[in-house]
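Below are the chains, spelled out letter by letter.
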Amino acid sequence: MPRGDYLGEFEEIVLLAVARLDGEAYGMTIRREIEERTGRGVSIGAVYATVERLEDKGLVAVGEGDADPSRDGRARRFFTVTPAGASALDAAEALRASLRRGLRLRRSSRG
Amino acid sequence: MATRSDPIPPRIARRLLAALLPERNRWAVVDELDAEWRLVRARSGSEWARWWYWRQVVTSAPAAWQMRRRDRTRVRDLASALRFGAIAADVRLAARSVVARPGFAAAAILTTAVGIGANVATFSIVDAVVFRQLPYPHASSLVRVWSANPRGILRNAVSPPDYFDMRDSSHEIDALAAFTQGDAMTLRAAEPRRLAGSTVTPEMFAVLEIPPAFGRALLPEDAAPAQPVVAIVSDAFARGQFGSPGAAVGQTIVIDDAPRTIVGVMPATFAFPSRDTDVWLPMPAARRQLSRSAHYLGVIGRLPAGVTVERARESLRAVASRLEREHSDTNKGWSVTVVPLQEAVVGDMRRPLLVAFGAVGCVLLIACANVANLLLARGSRRRGEFAVRAALGATRAHIFRQQIVESGVIAIAGGTIGVLAASWVVSVAAVVLPASLPRLDEIHITALLSGWLPAWRATRSDSRETLRAQTAPYRARGRRTGGALVAAEIAVTLALLVTACLLVKSLISLRGVDPGFDADRVVLAEVNLSQRRYAPDRWSAIYDQVIDGLSALPGVRAVGAGAPLPLSGQPGLLRFGLVIDGRPPLAAQVDRIYLRWATPGYFTAMGIPVHQGRAFSRDDRADSLPVAIVDEAFAARHFPGENALGHRVRATSDSTWREIVGVVGTVRQTSLDGDAEPHLYVAAAQFPTPAITFVVRGDGDPASLAAGLRAAVHSVDPAEPVFNVRTLRDVVSDATTPQRFNAAIIALFAGCAGFLTVLGIYGVTSRWVSDSTRELGVRIALGAGHGQILRTIVGRGLRVIAVGVVTGLVLAIAAGRLIATLLFGVSQTDPMVMAGATALVVVVTLIATLIPAQRALSVDPAISLRAS
């Protein structure tokens, strides 16, 4: 996996949202979680496209709930973070921490 | 389980998203979005939710497309991947070449958009109103039943006893229900208000097969008491009064002074007999005892499976002829009319809408011709490019495919803009269209695919033509094709323009009809007195009190009251048989008259002239000689050549003889285009009516008059609601709404067609000029003057215009026959209209040829010769 070793920013956000929702991660709840936590608008399409990519990378697993009569009998899909996904999140965190360690950022003070 | 009344997300957006997404996760994504939409809707209302949903779909589009691409790459089918890549390359190339010639692209896309947009919008409207099934289960087995009156009015209301007899003795019809429509009812509450009510027989809900959403339907025993005590209310009424439909069941409301218990609430979608109906009351079974000569019921029925409308008609006619024998005094000559309910509801709007549909089809034809011309012109300009590509190894199929893809890009862009514009037009139309248009609220865009498909076809077939044109010795041929297309456009435009002018002219002559009263500077307001608090003998005194209060207002010139007002469509436009003292009874039920109430000041306030005798006066009291006033139509029909004054008459529903004391001018009471019918006015003081309209003529502005009117009624009794405050001018103008609608819509299409045609002829002439640059250069070099060059170019244009105009006039005459029934006071072949429209088309198209012809004059012979 040439690029799969690193999580993209949005991938990381989505993966974190799936983890936070812990078993309640559906397309809609993931979208809402991200919007509420980050305050930025996200489209359902972007969420789904990212979750699918995470699934391809083996970081997220898909499950199907019971058939839902309000969806013409279609089952609702939910997502969980796989062990690989959890380690990817940890790795991302660690990577960032190691880059950040010992760094002092200069900021110009504003009046 | 999702029910039909559940709100659904914006349909177009939803379909769009589903179309963009790959199969594997299509519904997963859409379902999630729908679920969240329901949350958003519950929290922020449907408007916001709609907007939110659209935004989600639009912002999801790139990601959806991306997922689709991933779908493709997962397929390890090399061949299909390659083919897809080639088409993608073509699309990119097409997009680039479209962008490279923005003028051409804009013209083609705009033209397609106008054609498609107008069509999708019109189709959606026509589809909803004319073609789609009524919103009742098994709607095709529903029928509407009328009495057919001996004077030839086939759709006359039914009398209650006739209805009950038909219901009980027809074997071919499952159930027959009667209803009244638009009954004025007053809700007595802290804030009294007027209700639109319908009195129905308990069968109504079973006939329509729509049960209440809450509570129960009406039962036969509900209709047993003379003053029924239950009511069924609309969803909107229940929400307004009690907060939610469920909470309304069991509540008591006071309607027209009688308490009623709400036993059921209809679903929000239920709209029979009309969308604004607030309350349905049971019709007392005792109405069976009423007179057979009072016709005021609407009747609908449901046919059992296998029974045709014809058989139902025969069976009801048999009942009618039995009634004719048994009640020859009232029923002689009366029969029945049975028509499918769908046809009855769509009724008179079918023809205007189909005409509009035809007109918009013409606009699409013109748009197609224009795009074809544009593509032809472009093909000829790009011969060089194709030659180079062929030389570099492109096969004919390659070039062909690229052309198709290019057309497709234009078709999709034009179609999309058109569909979006149409959805906007349709949402505006719901507000602008006349409320009299049946099924108005059922209109929405239905033609998503039908929009793109013709666009695709239109552009596709010509790309083939283009290709042929450029490989063959194409010039003369292409020119001829272009000329023929433009001639056809001119013909269609002229026909549309003539049709539009005829409709506008008939609208003008309709407005020129003298309604028989003076509608300017008159304000109206209605009251409906509480019959419990006021005995009938006090009604007239209350009217007098209000009228006196109004007369004292500054700027008021005349005040009166009457009912029902002309052209108002007010309920109570009943017609009665007439008896003249000293004459044998008139042929039973044949000579019907309209009965009107009036106070002394009514005729002055309305501006109705008194031709003979006098108007009513305050001396005409309940205890004085009963009097009546007739109009000239009455005098002419019943007293031709003699003096009507002094004769005594009575309506068949009335036992009192009234002496005619005045003859007033004829008034158009029901419609401006129909014949004036005879009217009999009775004095409100001698024949009490609880519902009356005050008529105030004054110099002041209508708003302050209206305020004075409310105040005057309130000072007499603050508990009486005043409603329908409006100007008489508005009433008259509402009476011409359907005609205005017809004229406006056809004029709009004629305008679209004209615009496209001008574009088309301009384009074709430009092409002639650029194609003939060399020829013109040679002629200029050989000494041809400007006049000669202009004559050549314009001459070609004129030939096309002449062919177009002649064909157009033939088309216009054919179209005139189609709309003959919609015209009033203007002949289908009105010479003024024909000449005017022709002149307009000729002038405008000539100008469109002159502009490019002008360019031909500036051809520099040296350059044009070198170019070749």
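Residues numbered from 1 in each chain as written. Chains lettered and ligands numbered in written order. Predicted model: local features only at pLDDT ≥ 70, side-chain atom pairs only at ≥ 80, totals over all residues.

Considerations on the overall build of chain A
Working step 1: Per the secondary structure count, chain A includes four helices and two strands.
Working step 2: For chain A, the α and β elements follow one another from N to C terminus as α-α-α-β-β-α.
Working step 3: Of all 111 residues assigned to chain A, the portion counted as buried reaches 32%.
Working step 4: Considering only intrachain contacts with a sequence separation of at least 6, the fraction spanning at least 24 residues in chain A is 47%. (Helix = DSSP H or I, 4+ residues; strand = E, 2+ residues; numbered from the N terminus. Buried ≥ 20, exposed ≤ 12 C-beta atoms within 10 Å, placed from the backbone. Contact = placed C-beta atoms within 7 Å.)

Topic: the overall build of chain B
Working step 1: In terms of helices and strands, chain B carries 27 helices and 22 strands.
Working step 2: Per-residue burial over chain B gives 44% buried out of 868 residues.
Working step 3: Of all intrachain contacts in chain B linking residues separated by at least 6 positions in sequence, the fraction that spans at least 24 positions is 82%.

Regarding the packing of helix H3 (residues 44–56) of chain A against helix H2 (residues 26–44) of chain B
Working step 1: Packing of H3(A) against H2(B) brings their axes to within 10 Å, and their N-to-C directions diverge by 140 degrees. It follows that H3(A) is oblique to H2(B) by the angle criterion. In terms of crossing hand, the pair formed by H3(A) and H2(B) is right-handed. In this structure, H3(A) uses A:Ile44, A:Gly45 and A:Tyr48 to contact H2(B), whose residues at the interface are B:Val29, B:Glu32 and B:Leu33. (Axes fitted to C-alpha atoms, helices over the stretch in contact; angles between N-to-C directions. Parallel < 35°, antiparallel > 145°, perpendicular 65-115°, else oblique. Left-handed = near helix turned anticlockwise from the far one by under 90°.)

Some thoughts on the confidence of the model for chain B
Residue and element names in this part refer to chain B.
Working step 1: Averaged over every residue, the pLDDT of chain B is 79; the share at 70 or more is 85%.
Working step 2: Below a pLDDT of 50 lies the segment residues 72–82, which in the model reaches four contacts outside its immediate sequence neighbourhood of four places, other chains included.
Working step 3: Across residues 439–477, confidence stays below pLDDT 50; counting only partners more than four residues off in sequence or on other chains, it has 86 contacts.
Working step 4: Across the interface, the model reports ipTM at 0.87; the global pTM reads 0.58. (pLDDT = per-residue confidence, 0-100.)

Digging into the interface of chain A and chain B
Working step 1: Residue-level contacts link 17 residues of chain A with 19 residues of chain B.
Working step 2: Here the side of chain A that touches chain B gets six residues from one element, more than from any other, and that element is H3(A).

Details of the packing of helix H25 (residues 786–818) of chain B against helix H26 (residues 831–857) of chain B
Residues and elements named next belong to chain B.
Working step 1: Where H25 meets H26, the axes come as close as 9 Å, and the angle between the chain directions of the two elements is 150 degrees. Comparing the axis directions of H25 and H26 gives the class roughly antiparallel. Classified by chirality, the crossing of H26 by H25 is right-handed. Residues His786, Ile789, Leu790, Ile793, Val794, Gly797, Ile801, Val805, Leu809 and Ala812 of H25 lie in contact with H26, whose contacting residues are Met834, Thr838, Val841, Val842, Thr845, Leu846, Thr849, Leu850, Ala853, Ala856 and Leu857.
Working step 2: Taken together, the residues that form the contact of H25 with H26 break down as 16 nonpolar, five polar and no charged. (Nonpolar A, V, L, I, M, F, W, Y, C, P; charged D, E, K, R; others polar.)

Side note on the nonpolar core
All names here are of chain B.
Working step 1: By size, the foremost hydrophobic cluster in this structure holds 92 residues, and its most contacted members are Val363, Leu494, Leu496, Val498, Ile746, Phe749 and Ala753.
Working step 2: Elements that contribute at least two residues to this core include exactly helix H5 (102–131), helix H13 (350–381), helix H15 (396–432), helix H17 (475–511), helix H23 (737–771), helix H24 (773–781), H25 and H26.
Working step 3: One finds Phe517, Leu524, Ile629 and Tyr681 within the second-largest nonpolar core, a separate group that totals 65 residues. (Core = buried A, V, L, I, M, F, W, Y, C linked by C-beta atoms within 7 Å.)

Some details on helix H21 (residues 702–716) of chain B
All names here are of chain B.
Working step 1: In a regular helix each residue adds 1.5 Å, so 15 residues correspond to 21 Å; H21 covers 21 Å between its end C-alpha atoms and thus fits that length.
Working step 2: Inspection of H21 places Pro702, Leu705, Gly708, Leu709, Ala712 and Val713 among the buried residues, and these make up the whole buried set. Looking straight down H21, one finds that the buried residues subtend no more than 130 degrees of arc, so they occupy a single side. Relative to its buried face, H21 has exposed residues pointing more than 90 degrees away, namely Ala703 and Ser715.
Working step 3: Tucked inside the fold, the buried residues of H21 contact strand E12 (522–528), helix H18 (536–551), strand E21 (691–698) and strand E22 (723–727). (Expected span 1.5 Å × (residues − 1). Arc of directions from axis to C-beta.)

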